[in-house]
Amino acid sequence: MPASRGRSSGRGMGDTAANESLAQRNLVDINVATVEELSTLVGVGRSRAEAIVETRNSLGGFTSIEDLSLAPGVGTNLIEANRQILTVSAPVQSSQVNTRKANTRNRSSDNTSAQPTPSTTPVISSSSDTAAEDQQNDSGSSSSNEWGACRLRQRRSTSRINPLPVGKSASLRQTRSNDSAIQSPSPLPTTPTSSTPAAPAIDASNVPLKEGSPTSENEDVVRPGATKRKSESTVEMSAEVATEKKTCRRSEGVDSSSSSVYCHVHRNPIPSKDNPPPGFCQWLHTFQYWSNAERLCAIDQLIELCEPTQVRHMMAVIEPQFQRDFISLLPKELALYVLSFLTPRDLTRAAQTCRCWRVLAEDNLLWREKCREAGIDDVRDTLNKRRLRGSSHHSSLSCGLSSPTGSSQSTAPIITPSPWKATYMRHRNIELNWRVRPIPQPRVLKGHDDHVITCLQFCGNRIVSGSDDNTLKVWSATTGKCLRTLVGHTGGVWSSQMQGNIIVSGSTDRTLKVWNAESGQCLHTLYGHTSTVRCMHLHGNKVVSGSRDATLRVWDVETGECLHVLVGHVAAVRCVQYDGRLVVSGAYDYTVKVWDPEREECLHTLQGHTNRVYSLQFDGIHVVSGSLDTSIRVWDAETGACKHTLMGHQSLTSGMELRNNILVSGNADSTVKVWDIISGKCLQTLSGANKHQSAVTCLQFNNKFVITSSDDGTVKLWDVKTGEFIRNLVSLDSGGSGGVVWRIRADETRLVCAVGSRNGTEETKLLVLDFDIESK
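Residues numbered from 1 in each chain as written. Predicted model: local features only at pLDDT ≥ 70, side-chain atom pairs only at ≥ 80, totals over all residues. Heavy atoms only, no water.

**Q** Can you walk me through the state of the cysteines in this structure?
**A** Throughout this description, disulfide means a covalent bond between two cysteine sulfur atoms. According to the stated counting rule, one finds zero disulfides in the structure shown. With no disulfide partner, Cys575 has as its closest neighbouring cysteine sulfur the one in Cys535, 6.5 Å distant. (Disulfide = S-S within 2.5 Å.)

Structure below.
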């Protein structure tokens, strides 16, 4: 029988036996089945079958049915559709596969045939190898085969390693050769017959093998000439894997020698730090030895290849590395300097971050600067006012903070609140009460019947009102009760001043009276003027009075003695200011005069107005006068020169206040203006849709608000910096039909309004509104 026929007959007998065995079981063994057999499965086809065979050959065999998903184009749905007819046997060792490949090539290259050698190993058809070789050499392969080839190259990349040092390589090479000699099975003898000529010897080293075909330690039997090279490669790969500490999950009960063969087969499909993807450790090893420039270049290229979800993952990992609590790491002085740039609102938020930030944000000096920026002068003033007002709530709160329950057992330090912060927070809450919170119900003080309240003073906890009913009344601002009624004048009271327990009043009876506010006793009656005492100013223990008799007199309120008489005006004196050194007076003779009271000398006569002067302000440097000629003039008190003429009002300037070079003027034209007396510019005009509907009668202002009253029966609140209308604080029901707000006085937390009417539509009374936080 010819050799080719014998080989064909032997292969046919082996295939027939395998097919009969599979037919008996009605199963397809994925480690043995050929391309033709696999292509008969549901949804597989020829191309997928070839891809399965190539993947099987590259892995050295499948270990489970799920490994079919490693082949290109094979998914879980296809596996589930054929699961009942699929089975998997033990993987065929690579040495046996390579032996059969070599024998097949030898038989195909020789025209003579040899008698087949009996073997206990099942014979596997070479059609899969041929298909794999054709697929590798075919340039027109499908996209699925290209994907499979990419997967194979990715797996093969794990075996590409760097050579070991010469000494260690030689040592391991010798050990590996000994192990190969022991483990390699002896080749089976072939007995040539007379009818079958012996096949010529084939040099296994010259047999071309497919590039990338799996190698094993048993290849020494098949290719003796290549034994040394393959052993070296295998030993070097094992040594490199041990050097890189590349970990693979090994199943229990599998020895270490066999676990390396199935390292990639048992890989978890979801990569992790303990289960990296193929080639990952080598890539990291290479990255570690690159320079900084090379690393940056690699990172740039890596980012360009990443998808948006992967870039977001990078951000989530990298951002926390730069989020450091630098405030806690800085020295306290620098940390406080950084925090000083925060607004008070942001400081209170920062205090809620952690204990370290809380301690820094409670720093007393830090809050002292915030108070100064807000125009809060001294924390002691606030604390004294609160003590005078009997703030028991604040006292109990302070006690609770200084001795908390269980503080003796607590190991953490107690964070003492900053007094300056407490002051700032109190002022902030009071400001909100003025601006936006509900207006408190006013306390009503009645006592002057239907007479006009001509003058109003408010200091501490006392309110003093003077009326044309010839009396003055002393009220408690807290309870609203009338404490004293000062009786003694024989004419209407038109001017008054209060300082501490001393009250000074001037009347149409041409006298001044000095009163004790506590007892209500009249201490002195000051005689000298020959007409109505229309204005006065109290400073220290001296009071300067101006009269319609065109003179001014300086009095000692302690002794009741007239110290000086200032003569020079030729008409009634309407307004006067005194700072303890100079006296400034304005009169109906259109002039303003600056006096030295000690020498009874007129230093300057300020001429320029063309009508009566009704109002004055004096801060020791500047004199500001308001006239019926609609102008306001700013004068230099030392030289008497006119520095600015402020034009803009349309009528009589009825009231003015000056603070820190900022002047606020109220006019009979129903408008209010804010001026800078240094530059002479009008900063704001308080008008618009919410302006007063009648003449402005009185005003008060601080660094935040302007409060104005009018003949229209309203009291309005404005923002001094922006000029915006905030809201109405008082609005009489009789406003517009006779109700009038004559005078207002205000402090930090309370507003006192003197209201009434000239036609009986509104009862004469005082309204007290308290915006303090303790009163809520």
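**Q** Where do I start with the pairing of strand 14 (residues 551–556) in this structure?
**A** On a regular strand, each side chain points to the face opposite its neighbour's, so the side chains alternate between the two faces of the sheet. Most of strand 14 sits inside the fold, with six of its six residues counted as buried. The alternating pattern of strand 14 places Thr551, Arg553 and Trp555 on one face and Leu552, Val554 and Asp556 on the opposite face, and all of these are buried. Bridge count between strand 13 (residues 542–547) and strand 14: five bridges; the pairing is antiparallel. Across the sheet, the residue bridging to Gly546 is Leu552, located in strand 14. The hairpin formed by strand 13 and strand 14 contains three residues between the paired strands, and Ala550 there has a positive phi angle of roughly 75 degrees. With antiparallel pairing between neighbouring strands as the criterion, strand 14 and strand 15 (residues 561–567) make up a hairpin whose turn holds four residues, including Gly560 at a positive phi of roughly 80 degrees. (Buried < 20%, exposed > 50% of the residue type's maximum accessible area, 1.4 Å probe, protein only. Helix = DSSP H or I, 4+ residues; strand = E, 2+ residues; numbered from the N terminus. Pairing = 2+ DSSP bridges.)

**Q** Before we go on, may I ask you to explain the sheet that holds strand 12 (residues 533–539) in this structure?
**A** Pairing between the strands of a sheet is mediated by backbone hydrogen bonds and can be parallel or antiparallel. Taken in spatial order, the four strands line up as 12-13-14-15 in an open sheet, and their pairing is antiparallel. Looking at which strands have only one partner, the edges of the open sheet turn out to be strand 12 and strand 15. Taken over all neighbouring pairs, the strand axes of this sheet differ in orientation by 20 degrees on average, direction set aside. Pairing analysis gives six bridges linking strand 14 to strand 15, with the strands arranged antiparallel. By the bridge assignment, Val554 is partnered in strand 15 with His564. (Axes fitted to C-alpha atoms, helices over the stretch in contact; angles between N-to-C directions.)

**Q** Would you mind showing me how to read the side chain of Asn82 here?
**A** If you trace the backbone, Asn82 turns up in helix 4 (residues 76–82). Among the polar contacts made by the side chain of Asn82, one reaches the main-chain amide nitrogen of Val42 at a distance of 2.8 Å. Ignoring sequence-local partners within four residues, the contact set of Asn82 consists of Leu41 and Val42. (Polar contact = N/O pair within 3.5 Å; in protein donor to acceptor, adjacent residues only side chain to side chain. Contact = heavy atoms within 4.5 Å.)

**Q** Hey, could you run me through helix 16 (residues 332–339) in this one?
**A** Spacing of three or four residues puts side chains on the same side of an α-helix, whose turn is 3.6 residues. Listed in full, the buried residues belonging to helix 16 are Ala335, Leu336 and Leu339. End-on, the buried residues of helix 16 take up no more than an arc of 100 degrees, which puts them together on one face. Across from the buried face of helix 16, at angles greater than 90 degrees, the exposed residues are Glu333 and Tyr337. Turning to helix 16, the residues buried within the fold contact helix 15 (326–329), helix 17 (344–350), helix 18 (355–361) and helix 19 (364–373). (Arc of directions from axis to C-beta.)

**Q** I would appreciate a short explanation of the pattern of salt bridges in the present structure.
**A** A side chain of one charge can pair with a side chain of the opposite charge if their charged atoms are brought near each other. Considering all chains together, one arrives at 23 salt bridges under this definition. For the salt bridge of Arg462 with Glu518, the shortest nitrogen-to-oxygen distance reads 1.9 Å. Taken together, the residues span a long stretch of sequence, with Arg462 in strand 5 (residues 462–467) and Glu518 in the loop between strand 10 (512–516) and strand 11 (522–526) at a distance of 56 residues. Assessed through its relative accessible area of 42%, Glu518 is described here as partly exposed. Residues Lys542 and Glu598 are paired through a salt bridge, measuring 3.3 Å at the closest nitrogen-oxygen approach. Pair noted here: Lys542 is in strand 13 and Glu598 is in the loop between strand 18 (592–596) and strand 19 (601–606), with a separation of 56 residues, a long-range link. Relative accessible area serves as the criterion here: at 22%, Lys542 is assigned to the partly exposed category. A relative accessible area of 49% places Glu598 in the partly exposed class. Here the residues in one salt-bridge network are Arg428, Glu431, Arg435, Lys704 and Asp719, joined through shared partners. (Salt bridge = Lys/Arg side-chain N within 4 Å of Asp/Glu carboxyl O.)

**Q** Sorry if this is basic, but what is going on with helix 19 here?
**A** All of the buried residues along helix 19 are Leu366, Trp367, Lys370 and Cys371. Buried positions in helix 19, seen along its axis, are confined to an arc of 140 degrees and lie on one side of it. Those residues of helix 19 that are buried lie in contact with helix 16, helix 17, helix 18 and helix 22 (419–435). Where helix 19 begins, the side chain of Asp363 points an oxygen toward the backbone nitrogen of Leu365, at a separation of 3.2 Å. Just downstream of helix 19, Gly375 is the residue with a positive phi angle, here 85 degrees.

**Q** How do you make sense of unusual backbone geometry when you look at a structure like this?
**A** Most peptide bonds adopt trans geometry, and most residues besides glycine take a negative phi value. At Arg510, a position not held by glycine, the phi torsion is positive, near 75 degrees. Checked against the element boundaries, Arg510 lands in the loop between strand 9 (502–507) and strand 10. For Arg510, a relative accessible area of 44% gives the class partly exposed. One non-glycine residue, Thr630, adopts positive backbone phi at about 75 degrees.

**Q** Just to check I follow, could you spell out the nonpolar core for this structure?
**A** In globular proteins that are soluble, nonpolar side chains generally tend to be buried together. Within the largest apolar cluster, 20 residues are counted, with the highest numbers of intra-cluster contacts made by Leu38, Ile52, Leu68, Val74 and Leu86. Among the elements that take part in this core, helix 3 (residues 45–59) stands out by supplying four residues, more than any other. The contacts of Val74, once residues within four sequence positions are left out, are Arg48, Ile52, Leu68, Ser69 and Ile79. Residues Val715, Val730, Leu732 and Leu751 belong to the second largest nonpolar core, which totals 18 residues. (Core = buried A, V, L, I, M, F, W, Y, C linked by side-chain atoms within 4.5 Å.)

**Q** Just to check I follow, could you spell out the environment of His537 for this structure?
**A** Examined against the element boundaries, His537 turns out to sit in strand 12. Assessed through its relative accessible area of 18%, His537 is described here as buried. Separated by 39 residues in the primary sequence, His537 and Met498 have C-alpha atoms spaced 9.5 Å apart. With sequence-adjacent residues up to four places away left out, His537 is seen in contact with Gln497, Lys542, Val543, Val544, Val576, Gln577 and Tyr578. Here the side chain of His537 touches Tyr578 through a polar contact of 3.3 Å, landing on its backbone oxygen.

**Q** Which parts of the structure should I look at to understand the sheet that holds strand 25 (residues 662–667)?
**A** Strand order across the open sheet formed by four strands is 24-25-26-27, with antiparallel pairing between neighbours. A strand with exactly one partner marks an edge of an open sheet, and here the two such strands are strand 24 (653–659) and strand 27 (681–686). Taking each pair of neighbouring strands and ignoring which way they run, the sheet shows an average axis angle of 20 degrees. Sheet analysis places strand 26 (residues 672–676) next to strand 27, joined by five bridges and oriented antiparallel. Bridge assignment links Asp676 to a residue of strand 27, and that residue is Lys681.

**Q** I keep staring at the packing of aromatic side chains and nothing clicks. Help me out?
**A** Aromatic rings in a pair are described by how distant their centres are and how their planes are angled relative to each other. Applying the stated rule across the entire model yields eight aromatic pairs. Both rings, one in Tyr337 and one in Phe341, keep their centres 5.1 Å apart while their planes meet at 90 degrees; by these two values the pair is edge-to-face. Residue Tyr337 shares its accessibility class with Phe341, and that shared class is exposed. Grouped by ring-pair contacts, the aromatic residues Trp283, Phe287 and Trp290 constitute a single cluster. When the ring centre of Tyr588 is taken as reference, the NZ or CZ atom of Arg612 above it lies at 4.3 Å. If you follow Arg659 out to its NZ or CZ, it ends over the ring of Phe701, 5.7 Å from the centre. (Phe/Tyr/Trp six-rings, centres within 6.5 Å; stacked < 30°, edge-to-face > 60°. Lys NZ or Arg CZ within 6 Å of the ring centre and 35° of its normal.)

**Q** So what exactly am I meant to see when it comes to the side chain of Gln700 here?
**A** As for its placement among the helices and strands, Gln700 is situated in strand 28 (residues 696–701). What makes Gln700 buried here is its relative accessible area of 12%. Side chain to side chain, Gln700 and Glu657 meet in a polar contact 2.5 Å long. Of note is the side chain of Gln700, whose polar atom sits 3.2 Å from the backbone nitrogen of Ala746. The contact partners of Gln700, leaving out residues within four places of it in the chain, are Glu657, Phe705, Val706, Ile707, Ile744, Arg745 and Ala746.

**Q** Please clarify how the pairing of strand 18 should be interpreted in this entry.
**A** Taken across its five residues, strand 18 has five buried, putting it largely inside the fold. Connecting strand 17 (residues 583–587) to the next strand, strand 18, in antiparallel fashion are four residues, including Tyr590 with a positive phi near 75 degrees. Note: strand 18 against strand 19, five bridges, orientation antiparallel. Looking across to strand 19, one finds that Lys593 is bridged to Thr605. Connecting the antiparallel pair strand 18 and strand 19 is a turn made up of four residues, with Glu600 showing a positive phi of about 55 degrees.

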